[in-house]
Amino acid sequence: MQNSKARRQMAVLLVVALGACLAPFLLTRSQLLVVPSTAVSVYVARDGESGNGTYPTDSELKVYMDRRGDPAPEHAYSIFTTGAMQRYGGGSLRYGLRKSNLSRKKFQTEIGPKAEPPCLLISRELAAVEIRDQFAPHCRVMIAYDEFCKTFHQPGVDFRGFYSHVGGNGTAAANATGAGAVRSKPLYIPLGPRLDFWNAFQHHLSNRTVINANSNVKNGNSNSNDDGDDDSDDAHTRNNHDNDDRSNDNTNVDGMHIRSATGIVVPKSSHRNTIFNAVFSTTTSHTRKGLKELLINGSIPLDITERSFIHIAKYWTKELHKGHIQSNDYATKLLDSVFTLSPLGHNPESFRMFEAMEAGSIPIIALNGSYHRHRCILALHPMLDESLPYGPAPMIVLSDWNELPDTIQQLSQSLRDNPQDLDDRQAKLMTWYDAFMRDRAARFEDLMRIPVRA
């Protein structure tokens, strides 16, 4: 039995290695890239788990999302509510999403008796672990939106948003020893895009393109359905060009557009008007205040800022259109931007990174002192890990935002002189993003299909 298991594991590793070797050739031979699922999952069962068998394929996963909070923490569950897990998953589970009150009384009387396995409780509160243990021990628990990793190594947590390379006690997870240390490490789940962005993105693309890998692209117009206010009193906005000058003729997918593996067609980098966008608030980190000064003090040449979109709000909001810009306008800007500035906020990982990659805009990040001092140590390691079968994310990585003026000038020059280079980088980013999301979804589904012995 052990020899058979070892042979299966060796076969998986050989397939992954072969895929990694062939990836560069796929990039050079085709610009319409469809990436297969590449996932290698290794999990050490926690106490109480059965290692025998899995739930049947196509089982319904009941996801109970804690709706307590003021306002309700919809953004914390975007990876599920946007359908990202379903899109990138392998189809081994059907997702049944339920907004629930995960208080002790409600769970005991209304939810617990109906929580048949496989099931998942998602909350920002550690009390969900105790509730699970008492009333539904066959369910798993995910702690969402712990931006400062205060609960990283609490026992009983199976999944968590936001990654950290160390536990709450300061012991490096990579160097942790003993079965208990390994079992207590939860599986990282990426943020994904925000729900309001995804809805606007879908609306925008449905009017301009057919989101289908086997279809042609058609023309259309995009109108915002949002009724949110643009809080211009608390925002610094600069929009120095009109992107209506370029034709909306999207019929030539090979020449002007690129198709993601999930079938979404977006403009190539060389056919975008905006060099970069910067849409953020300044209250979530000191780094963002410094970046704001850099953007408005003339450090970046005028010919670049005239082709940029800069909108800096004073306050962070959970929903894009409250204090920032309309969700549909934001989606449009991402689709028209070659690059998206993604400064550290409460956490180095942000919805903006995922929204940019969904839209084919290349994120620019800075691994500066604030990044290395953050409580969530090496928070972007899952994306930048060079040992991944599909490699680290081909984003633009700075060591400090002071490098931005020189870097953006070089990138702008490349856009003029060698546009194919940036098109190739964009293609690699979209390939990487699809492989990364499929990997994380596969790891999640593999673990969810392992029964927990009550």
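The rules behind these values
Residues numbered from 1 in each chain as written. Predicted model: local features only at pLDDT ≥ 70, side-chain atom pairs only at ≥ 80, totals over all residues. Heavy atoms only, no water. Helix = DSSP H or I, 4+ residues; strand = E, 2+ residues; numbered from the N terminus. Buried < 20%, exposed > 50% of the residue type's maximum accessible area, 1.4 Å probe, protein only. Contact = heavy atoms within 4.5 Å. Areas by Shrake-Rupley, 256 points an atom, 1.4 Å probe, with all protein chains shown as cover. Polar contact = N/O pair within 3.5 Å; in protein donor to acceptor, adjacent residues only side chain to side chain. Core = buried A, V, L, I, M, F, W, Y, C linked by side-chain atoms within 4.5 Å. Pairing = 2+ DSSP bridges. Disulfide = S-S within 2.5 Å. Axes fitted to C-alpha atoms, helices over the stretch in contact; angles between N-to-C directions. pLDDT = per-residue confidence, 0-100.

Trainee: Where do I start with the overall build of the chain in this structure?
Mentor: Within the chain, the secondary structure is distributed over 16 helices and 14 strands. The buried share of the chain, taken over its 454 residues, is 53%. Within the chain, contacts between residues at least 6 apart in sequence are counted, and of these 75% link residues at least 24 apart. Only carbon and sulfur atoms are counted for the fraction: they give 48% of the accessible area of the chain, which is about 20200 Å².

Trainee: Help me understand the side chain of aspartate 66, please; the structure alone is not making it clear to me.
Mentor: Inspection of the secondary structure assignment puts aspartate 66 in strand β1 (residues 59-66). Overall, the relative accessible area of 3% leaves aspartate 66 in the buried class. Within polar-contact distance, the side chain of aspartate 66 engages the side chain of serine 123 at 2.9 Å.

Trainee: So what exactly am I meant to see when it comes to the nonpolar core here?
Mentor: For soluble globular proteins, the rule of thumb is that nonpolar side chains tend to be buried together. Within the largest apolar cluster, 74 residues are counted, with the highest numbers of intra-cluster contacts made by Phe276, Leu295, Phe339 and Leu404. Of the residues forming this core, the biggest block, 11 residues, is contributed by helix α16 (residues 419-448). Once residues within four sequence positions are removed from consideration, leucine 404 is found in contact with Leu291, Leu294, Leu295, Ile300, Leu341, Ile364 and Leu398. Core analysis: the next-biggest nonpolar cluster, separate from the first, contains 18 residues, Phe197, Trp198, Leu335 and Met430 among them.

Trainee: Explanation requested: the pairing of strand β3 (residues 119-123) in the structure shown.
Mentor: It is a general feature of regular strands that their side chains alternate between the two faces of the sheet. Among the five residues in β3, five count as buried, and that is most of the element. Neither face of β3 is exposed, since Cys119, Leu121 and Ser123 on one face and Leu120 and Ile122 on the opposite face are all buried. Bridge analysis of β1 against β3 gives four bridges, and the strand direction is parallel. Across the sheet, lysine 62 pairs through a bridge with cysteine 119, a residue of β3.

Trainee: What is the right way to look at the state of the cysteines in this model?
Mentor: Between two cysteines, a covalent bond joining their sulfur atoms is known as a disulfide. Inspection of every chain in the model, using the stated rule, returns two disulfides. Each disulfide pairs two cysteine sulfurs, and for cysteine 149 the partner residue is cysteine 376, the sulfurs being separated by 2.0 Å. Measuring handedness by torsion sign, the sulfur bridge of cysteine 149 and cysteine 376 sits at about 110° and is right-handed. Here cysteine 149, found in the loop between β4 (140-143) and β5 (159-161), pairs with cysteine 376, found in the loop between α13 (369-373) and α14 (381-384); they are 227 residues apart in sequence, far enough to count as distant. Residues cysteine 149 and cysteine 376 agree in their burial class; the two are buried. With its bonded cysteines labelled in order along the sequence, the chain shows the pairing 1-2, 3-4.

Trainee: When you look at the environment of alanine 442 in this model, what are you seeing that I'm missing?
Mentor: You can see alanine 442 is positioned in helix α16. Put simply, alanine 442 and tyrosine 88 are 354 residues apart on the chain and 8.0 Å apart in space, counted from C-alpha to C-alpha.

Trainee: Help me understand the sheet that holds strand β6 (residues 187-189), please; the structure alone is not making it clear to me.
Mentor: Strand order in the open sheet formed by six strands is β2-β1-β3-β4-β5-β6, with parallel pairing between adjacent strands. Pairing within the sheet leaves two strands with one partner each, and these edge strands are β2 (93-100) and β6. Adjacent strand axes in the sheet meet at a mean angle of 25° when their direction is disregarded. The sheet contacts of α16 involve β1, β2, β3, β4, β5 and β6, and relative to β6 the element is tilted by about 130°.

Trainee: Before we go on, may I ask you to explain the confidence of the model for the chain in this structure?
Mentor: Atom-level detail of predicted coordinates should not be read off regions where pLDDT is low. Averaged over the chain, the pLDDT score is 77; the fraction of residues at 70 or greater is 70%. Counting interchain partners and residues more than four positions distant, the pLDDT-below-50 stretch residues 167-184 has 23 contacts. Counting interchain partners and residues more than four positions distant, the pLDDT-below-50 stretch residues 209-252 has 104 contacts.

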